[in-house]
Each structure stands twice: as structure tokens, then as C-alpha cells.
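Chain and residue survey
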Amino acid sequence: MNSKKFAKLGYGLLLLGMIAAPFMGAYPVFVMKLMCFALFACAFNLLLGYTGLLSFGHAAFFGGAAYVTGHAIKVWHLTPELGILFGVVFGALLGVVFGWLAIRRQGIYFSMITLALAQMLFFACLQMPFTGGEDGLQAVPRGKLFGLLSLESDWTMYYVALAIVVLAFLLIMRTVHSPFGQVLKALKENEPRAISLGYDVNRFKLLAFVISAALAGLAGSLKTVVLGFATLTDVHWTASGQVILMTLVGGLGLLSGPIIGSAVIVALENKIGDIGTWLSRLTGVEWFNTLGESVTIVTGLIFVICVLAFRRGIMGELIAFIDRKKK
């Protein structure tokens, strides 16, 4: 089985697994949170993995859209689909501003501009009254989809969220395999050659940036509807670092990489305490009971191991192994 057939089989099995997850005892809210971060990582991967632009400010789109959606639903009493739409539009517009300013520079200068702009938004969210400051925007109701379907049930919300994430992933897949996506890959591989062929590279970069920002906004908006709150953590620079970590651990430049990477990181953050308790019982070492307080150490260690031993990421190494076996 080659890598393409393996990918199709993997996506099919993953979709079936996600559909069946609530029936198999999975906690719907946790899986929905995982899906939101997977979409966030896929949106970021479209920019870094396929266009070669490293943004340190993607939390601005994720967290900013989360606040806008929460405010639209809670204060303006909009239906959830309109609230999410507002968040996506906000993410796209913010992407236009950030992208227009940042694409004028390359390399680390591009990255630092995105980080600086994102931190400006973070401090704005800290000071604005409607965001709730350090307390965040709390008690956002899920409401009724199109004014008809109540999303208060976790099961109903789960399958609506799954449908949104699947459609967004299909959009990313279509974008990557389109002529536009091929131009983005050309920019990443050899930008001077793309310029010599007559492509307006800044226009393509800006469009890729806006699409990525809009999808990141969709992830943040969906997270607010699912969890019912938006906080400063969503817009902080650490969220940008987290999505970079997810993408690199899973596999940069692969459609499946961010999905696996986000699953690993989110699962570790939520289950590391349980794992530590189990290891303590198994080995008798009391220190493992404190593992839940050392999430950043564990994730950092995993990142170091992946960089040193799995430079292609988890999925990259797996696909390379399958291709070697084929030969």
C-alpha cells in the first residue's frame, strides 16, 4: 500500500472513529476541543507547511475570533452560525491587516512583525471592557442553530462541530491540491524562480495568509461555542507557540500532520496527570504524581525528541517508512 492509499484509508478510518467516538465512551466536549485545535493547527500548516511563512501571531486570529463570536452570541443574541460567521470575517479582516504589513518582510522579520501585532491585540483584549479582562468572556450560550436546532446537548453540538471541521478540512485539502496551492508550494521551494515566472508573490502570500487567518478564526469561534467562554489564553503568544508545536510534532507540510500533532499535545495537556498517577503506581516513584504540574516540561521534551529523532514529525516518519517498504 502506497502513501496515497494509506492516507485515504487513514482519513476514512479517522472519520468513522470520530463519528463513533461518543458511542465508545469518549467525552464529547474533550473531543470537540481536540477538533478545534486540530483545525487551528491545519490552518497554521497551510501557511507554514505549504507557503513557508512562519507566523508567531496566529493566536490573534484564533483568540480574536473567539471573543467576537462570544460577544455576538451573548450580547447581540445572534444565532450560533451568525456568531461563527462574524468570527471568521473578523479573522479574515485581521489577516488582511496583519498580512499586508508583514509580507513586506521575509524570514525572522516577518515572524517578529506578526508576533508584535498579535501582542498589540492581546493588550487590547486585556483592556477592552467587553472581553472581561483577566476573567475572560464567560457564560456564552450555545443557542439554536438557524434558530431551530438547540445545541445545548453535547451530542448535538458534537456532530455539528464535526461537520464544520470536516468541511473546513476538505476546503484546506482542495486548496492545497488546486493550482493556487501548487503556486504556494513553488513559493516555499524557490521564491526567486516563482518571481521569474511572472507570479505576483506578495499577492499569493497575502491570500494564503488571509485564508489561514479565516480558518484559524473559525477554529476559535467554534471553540467559544463549544466551551462557552473565551479567555486571554486564546489570544496570548503561548497559543501561537502551541500551534507551532502541534504542527511540527505531527508533521510539517502534511495534511494529516497537524491533526495527529494536536491530538498528541491536547491529550498530554489533559491526561498527563492521569498518566503520572499510573506511572507512580506502576513504578512506586512518588515524583510521577507531580507530572500533571509539569505539562510544559513534558511537551518540551517531546518536541526535543521529535526534532532530534523524528525530524519529519510523526506522520512524516510514518509515510517515509511506508514508502521505503514499498521499494
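This text goes with the structure placed above it.
One structure accompanies this document, and this report is about it. (Residues numbered from 1 in each chain as written. Predicted model: local features only at pLDDT ≥ 70, side-chain atom pairs only at ≥ 80, totals over all residues. Heavy atoms only, no water.)

The subject of this paragraph is the packing of aromatic side chains. According to the stated counting rule, one finds twelve aromatic pairs in the structure shown. Ring centres of phenylalanine 61 and phenylalanine 209 lie 5.7 Å apart, and the angle between their planes is 90°; this geometry places the pair in the edge-to-face category. Residue phenylalanine 61 is located in helix H3 (residues 59-74), and its partner phenylalanine 209 is located in helix H9 (residues 201-227); the two are separated by 148 residues in the primary sequence. Classification of phenylalanine 61 as buried rests on a relative accessible area of 0%. Consider the rings of tyrosine 199 and phenylalanine 204, whose centres lie 5.8 Å apart with planes at 80°: the pair is edge-to-face. Classification of phenylalanine 204 by relative accessible area gives buried; the value is 13%. Put simply, the rings of Phe61, Phe98, Phe110 and Phe209 pair up and form one aromatic cluster. (Phe/Tyr/Trp six-rings, centres within 6.5 Å; stacked < 30°, edge-to-face > 60°. Helix = DSSP H or I, 4+ residues; strand = E, 2+ residues; numbered from the N terminus. Buried < 20%, exposed > 50% of the residue type's maximum accessible area, 1.4 Å probe, protein only.)

A few words on the pattern of salt bridges. This model, assessed by the stated rule, comprises four salt bridges. With its nearest N and O atoms 2.9 Å apart, the salt bridge here joins arginine 142 to aspartate 154. Here arginine 142, found in the loop between helix H5 (108-127) and strand S1 (144-145), pairs with aspartate 154, found in helix H6 (residues 154-176); they are twelve residues apart in sequence, far enough to count as distant. Given the relative accessible area of 9%, arginine 142 is considered buried. We note a salt bridge from glutamate 317 to arginine 312, for which the minimum N-O separation is 3.4 Å. Residue classification places glutamate 317 among the buried residues on the basis of a relative accessible area of 18%. (Salt bridge = Lys/Arg side-chain N within 4 Å of Asp/Glu carboxyl O.)

This paragraph deals with a nonpolar patch on the surface. Together, Val75, Trp76, Leu82, Leu85, Phe86, Val89 and Leu93 make up an exposed nonpolar region whose accessible area comes to about 650 Å². Residue placement: phenylalanine 86 occurs in helix H4 (residues 80-102). Overall, the relative accessible area of 39% leaves phenylalanine 86 in the partly exposed class. (Patch = residues over 30% accessible without salt bridge, like charges linked within 9 Å, V, L, I, M, F, W, Y side chains within 5 Å. Areas by Shrake-Rupley, 256 points an atom, 1.4 Å probe, with all protein chains shown as cover.)

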